[in-house]
Amino acid sequence: MMKRIALVGFGLLAGSIASALKQAKRPTVIRAVSSPATLARARELELADEFFEYAQVEEWSRDCDLILLCGPILHILKTIDALSHVKWANEKLNGANSIDAKLNGAACLVSDIGSTKVEICRAGSKLPAPFKFVGSHPMAGSEKRTCEYNDPAIFENAYWFVCPPEGTAESVYAPLLELVKFLGASAVVFPPEHHDRTMAWVSHMPQMLSSTLAASIPDRLLEHNYQHYAGRAFRDMTRIAASGWAMWHDIAVTNRDETVRALTEVRDGVNATIEAMQKLDVVKDGRPAGGSFDATRGSVAGGKCADRSDSLEEIFKAGNEGRASLFAPGRNAAAAFFEITVPLKDKPGALLSVLHPLAEEGLNIRDIELMKVRENVAGTLLIAFKTEDEAARAVKLLRYLGYEVKER
């Protein structure tokens, strides 16, 4: 068990780690490293036991089992550079006269939570003894950034990538794996290159596409304010376009090549879709291609569609399969919930009337989403539970109360 952890960059995620440790009454000493204002707030919230400013690296870097760098990527790189120059770690050993004989030979594990890994791990590999660097990246977060929004459950069921140097024994990064398990996340041991290649596709490229899509709303819509008529599809696809530039700047400059590669592959897919659309024989004068409403699949030799929509159909089928693959059983830790849906009435207190009985029953909700909101219809509430038993109890209770509940 860790005796002391230093959380460098005490924002939302560092605060959430500290909160979880405090909540569980772990005997681990929590060392907060941040700006004076943030340290003052962390002290008020009683999230840490020791408090240091960034510049006090000679002090806060000592006597730790784990140093976890929790700031933005470029700040992480800056901190690694500062660690590489700490005097006590660079002094030559001179028997008992050395700085505690370099902590009596005990290694100090250094890790991070940055969204890219290759550059960070490359820099970390150059740290002097007694530091041992193993990069990591939890797939968790929020639009909130400060420690006052700490959530001890924020990592539950999230993937947490751990990227040790090739050939590193698991015992070297055991304190990190212990922390990941304690926080309820699922550790995934990955080479840094595989991490950045994967994140380019499933995180970084989608962000670039979302921002591009929102930035590309044409003037012919904007000048009439027609963008306000956007449905859920467009709103969902552009939700992350509201992301701040600072974090994404750091991601872009540390994973440019893989993200460009992913964008290029999507561009090829978009071009294929455009080509498939251009092949279509469209409806004319209210009549489909071929002039007959019965002239659909099978009406042309080879079983093809009369309107030449085969290529577009194949793209849709491939899309169906790609989407389904995200939720393959046993593969997606974040999807390991049991969900129910509850239609709500359009009246004040409708949401509370569902959630309050569940709380009274002691049922712990792990995720919640309000779907299909329309005028005079409050919408459908999606509620997720950790276990099948909790979901079944919720269904039974809400049906008893007169709700039309469906299991997903």
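Refer to the preceding data block for the structure.
Reading the values: the criteria
- Residues numbered from 1 in each chain as written.
- Predicted model: local features only at pLDDT ≥ 70, side-chain atom pairs only at ≥ 80, totals over all residues.
- Heavy atoms only, no water.
- Buried < 20%, exposed > 50% of the residue type's maximum accessible area, 1.4 Å probe, protein only.
- Helix = DSSP H or I, 4+ residues; strand = E, 2+ residues; numbered from the N terminus.
- Arc of directions from axis to C-beta.
- Core = buried A, V, L, I, M, F, W, Y, C linked by side-chain atoms within 4.5 Å.
- Contact = heavy atoms within 4.5 Å.
- Phe/Tyr/Trp six-rings, centres within 6.5 Å; stacked < 30°, edge-to-face > 60°.
- Lys NZ or Arg CZ within 6 Å of the ring centre and 35° of its normal.
- Salt bridge = Lys/Arg side-chain N within 4 Å of Asp/Glu carboxyl O.

1. Section: helix 4 (residues 73–83)
Okay, so step 1: Here helix 4 has its buried residues at I73, I76, T79, I80 and L83. Down the axis of helix 4, the smallest arc covering the buried residues is 115°, so these residues share one side.

2. Re the nonpolar core
Okay, so step 1: Counting residues in hydrophobic clusters, the biggest one holds 36 residues, and the most contacted among them are I5, L7, F10, I17, F155, W160 and L179.
Okay, so step 2: Listing elements by their share of this core, those giving two or more residues are strand 1 (4–8), helix 1 (12–23), strand 2 (29–34), helix 2 (36–44), strand 4 (66–69), strand 8 (159–163) and helix 8 (174–182).
Okay, so step 3: Not counting chain neighbours up to four residues away, the residues in contact with F10 comprise G15, A18, A32, V33, S34, T38, A42, L47, Y54 and C147.
Okay, so step 4: Residues V8, V33, C163 and W248 belong to the second largest nonpolar core, which totals 28 residues.

3. Re the packing of aromatic side chains
Okay, so step 1: Under the counting rule described, the total for this entry stands at 4 aromatic pairs.
Okay, so step 2: Geometrically, the ring pair formed by W88 and F131 is edge-to-face, given 5.5 Å between the ring centres and 65° between the ring planes. With W88 in helix 5 (residues 87–90) and F131 in strand 6 (residues 131–133), this residue pair connects regions lying 43 residues apart in the sequence.
Okay, so step 3: The exposure class of W88 is buried, given its relative accessible area of 3%.
Okay, so step 4: Taking the relative accessible area as the measure of exposure, F131 reaches 4% and is therefore buried.
Okay, so step 5: Lying over the aromatic face of W88, R62 brings its terminal NZ or CZ to 5.9 Å of the ring centre.
Okay, so step 6: Directly above the aromatic system of Y149 lies the positively charged group of K144, at a separation of 5.0 Å from the ring centroid.

4. Topic: the pattern of salt bridges
Okay, so step 1: A complete count under the given rule lists 18 salt bridges for this structure.
Okay, so step 2: For R41, the salt bridge identified is with E148, shortest N-O distance 3.5 Å. Taken together, the residues R41 in helix 2 and E148 in the loop between strand 7 (135–138) and strand 8 connect sequence positions 107 residues apart.
Okay, so step 3: Taking the shortest distance from any N to any O, the salt bridge between E156 and R366 comes out at 2.4 Å. Remark: R366 occurs in strand 11 (residues 365–371) and E156 occurs in the loop between strand 7 and strand 8; sequence separation between them is 210 residues.
Okay, so step 4: Connected through salt bridges with shared partners, the residues R197, E258, R261 and E265 form a single ionic network.

Shape is all these values report; function is a separate question.
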